[in-house]
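Each chain, written out:
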Amino acid sequence: MALCGAGRLLLQHPRNALRTFFKHNRTFCCSNNDPQEEQIREKFKLFPGGCIDLHKQESKIALMTINNPTRMNAFSGSMMLELEERVRELETWTEGRGLIVKGAAGTFCSGSDLNAVRAISNPQDGMKMCMFMQRILTRMLRLPLISVALIEGKALGGGAELTTACDFRVMTADAVIQFVHKNMGLVPGWGGAARLVRIVGRQHALKLLAGAKKVDPDFGRQIGLIDEVLSSPQGGGNVLVEAEQWLSQLTKGSAPVIRAIKNVVVSGSELSLEQALRTERDIFGTVWGGPANCEALAQRTKHKSEKLFEK
Ligand SMILES: CCCC(=O)SCCNC(=O)CCNC(=O)[C@H](O)C(C)(C)COP(=O)(O)OP(=O)(O)OC[C@H]1O[C@@H](n2cnc3c(N)ncnc32)[C@H](O)[C@@H]1OP(=O)(O)O
C-alpha cells in the first residue's frame, strides 16, 4: 500500500517523531556500564534456579512464563537477570502487539526467592536489587505491547508487584493476590507500591499493603485491580486460551496503530500535560497517512460510493 499524504513525509523521519517519548524513557533503559549494577548482577548469578521463558507467537502476542515451579515460581537471582534479557528482546520485537505474563504449573509467582533474600539482606544489596527490578519492571510496563498478567494460584510479595507491571490483570476464580511485604517487615521494592496507588487509588492501596489483605477475584474486580475473572479452572489448558481471547479484543488490527496507542497512553499517564501533548502529536504523525489510515479511508470512500449507487 503506497503511503499517502503526511504519512510518507513523517515516516521518513520517525526518529524525530518519537524523540520526546524515548528521551523520557532513557532514564530506565539499560545501564550496563553502571558498576553498582554490574556488582548486583554478579551477586544475582550466585543464586541460580528457574528461568523466564518467552514465546513470541504467530498471533503477535508474546507469552512470558515465570518458570520455577519447585519454588512456586519464586524469582531466583538468575531469573532476575533473565527477566532483563526477555524485556530487552520484547523492546526490539517490532511486530509485537501483546504480552501475556503467567506462571508455570498453575500458579503465578511467590515473589523473591527467600534463600536469595536471606543472602542479600544487607541494605546496600537490597537497594541495588530493588533498583534493578524497578528499572526492569518499568521498562516492561512501558513496552509498546498491551500486556496482561494471567494470575492462577498465588501472586505473593514481588509476585503481586509483578502483576501491577502489566496493563491489565485477569485471574482464575480461586486465585489470590497478596502483598505480603508487611508480614516480612518490608514494603514493596519492585515498584509495586507506586504502581498500585495508580491502579486502585490511595485508600485501597493502603488497605492492601498495611492489611496484607488477600485479594480474591470479586474484591479485585471491586477495587479495579482485576479486569476479568476467567471461567476456566486453575491449571486447565483453556486458561491461556481464554486469556489470549480476552487480550486479542484489544490487539486485533494494525500493529503500528496498537503500538502507537500504547505509547500515547504511557506518555499521557507519565508525562506533564505539555510533554504528553507534544508526544501525542509526534506519535499521531507516525500513523496519520500510514497504511492503516489510508486503507481505512479507501474503505470508507468505497463504502460511500457504493451507498450512492444504492439510492
Ligand atoms: C520485594 C519483593 C519481596 C518478596 O517478594 S519477599 C517473598 C515474599 N513471598 C513469600 O513470602 C511467599 C513464601 N511462600 C509461601 O508463603 C508459600 O510457599 C506459598 C507460596 C503460600 C505456597 O505454600 P504451599 O502451597 O504450602 O507450598 P510450600 O510452602 O510447601 O512451597 C512449595 C515449595 O516452594 C518453596 N517456596 C515457596 N515460595 C518460595 C519463595 N518465595 N522463595 C523460596 N522458596 C519458596 C517452598 O520453600 C517449598 O519448597 P520445599 O518443597 O520446602 O523445598
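Per chain, the residues get numbers from 1 upward, laid out in the order the sequence is written. Residue-level local features of this predicted model are given only where pLDDT is at least 70; pairs of side-chain atoms are given and counted only at 80 or more, and the full residue set underlies all totals for whole chains, interfaces and linings. Note: side-chain values were computed over all heavy atoms of the structure, leaving out hydrogens and water.

A.B. asks: Help me get a handle on the overall build of the protein, residues and values and all.
C.D. replies: Strands are runs of DSSP state E lasting at least two residues, helices are runs of H or I lasting at least four, and both sets are numbered from the N terminus onward. When helices and strands are tallied, the protein shows 14 helices and nine strands. Exposure categories follow from relative accessible area, calculated using a 1.4 Å probe and restricted to protein chains: below 20% of the type maximum is buried, above 50% is exposed, and the middle band is partly exposed. Among the 311 residues that make up the protein, the fraction classed as buried is 47%. Taking all contacts inside the protein whose residues are at least 6 apart in sequence as the whole, residues at least 24 apart take part in 73%. For the accessible areas, the method is Shrake-Rupley and the probe is 1.4 Å, while residue cover comes only from the protein chains on display. Of the accessible surface of the protein, which amounts to about 15700 Å², a share of 58% is contributed by carbon and sulfur atoms. The criterion used for residue contact is that any of the two residues' heavy atoms lie within 4.5 Å.

A.B. asks: Please provide a residue-by-residue account of the site of the ligand, values included.
C.D. replies: If a single non-hydrogen atom of a residue is within 4 Å of a molecule or strand, that residue counts as near it. In the vicinity of the ligand lie 18 residues, with Arg71, Ser110, Ser112, Leu114 and Gly158 positioned nearest. In the model, an oxygen atom of the ligand is placed 3.2 Å from a nitrogen or oxygen of the Arg71 side chain. Interatomic distance of 2.8 Å between a backbone N/O atom of Gly158 and an oxygen atom of the ligand. Protein chains bury 61% of the 960 Å² of accessible surface belonging to the ligand in isolation. Among the secondary structure elements, those contributing two or more residues to the shell around the ligand are strand S5 (154-156) and helix H7 (158-163). We call two N or O atoms a polar contact when they sit within 3.5 Å, provided that within protein one can donate a hydrogen and the other can accept it, with sequence-adjacent residues counted only if both atoms are side-chain atoms.

A.B. asks: Summarise unusual backbone geometry; cite the residues concerned and give the values.
C.D. replies: Unlike most non-glycine residues, Met72 shows phi in positive territory, near 50°. With respect to the secondary-structure elements, Met72 resides in the loop between strand S2 (61-67) and helix H4 (77-91). Backbone geometry at Asn73 places phi at a positive 60°, although glycine is not the residue there. What makes Asn73 buried here is its relative accessible area of 0%.

A.B. asks: Go over the sheet that holds strand S6 (residues 168-172), please, and point to the residues and values.
C.D. replies: Any two strands are treated as partners once DSSP identifies two or more bridges connecting them. If you walk across this open sheet you meet the six strands as S1-S2-S3-S4-S6-S9, and the pairing is mixed. In the strand order of this sheet, the two ends are held by strand S1 (51-56) and strand S9 (228-230), each with one partner. Direction aside, neighbouring strands of the sheet carry axes that sit 20° apart on average. Where S6 and S9 come together, three bridges link them in parallel fashion. Bridging from a neighbouring strand, Val170 pairs with Glu228 of S9. Only the stretch in contact is used when fitting a helix axis, every axis being a line fitted to C-alpha atoms; angles between N-to-C directions are given from 0 to 180 degrees.

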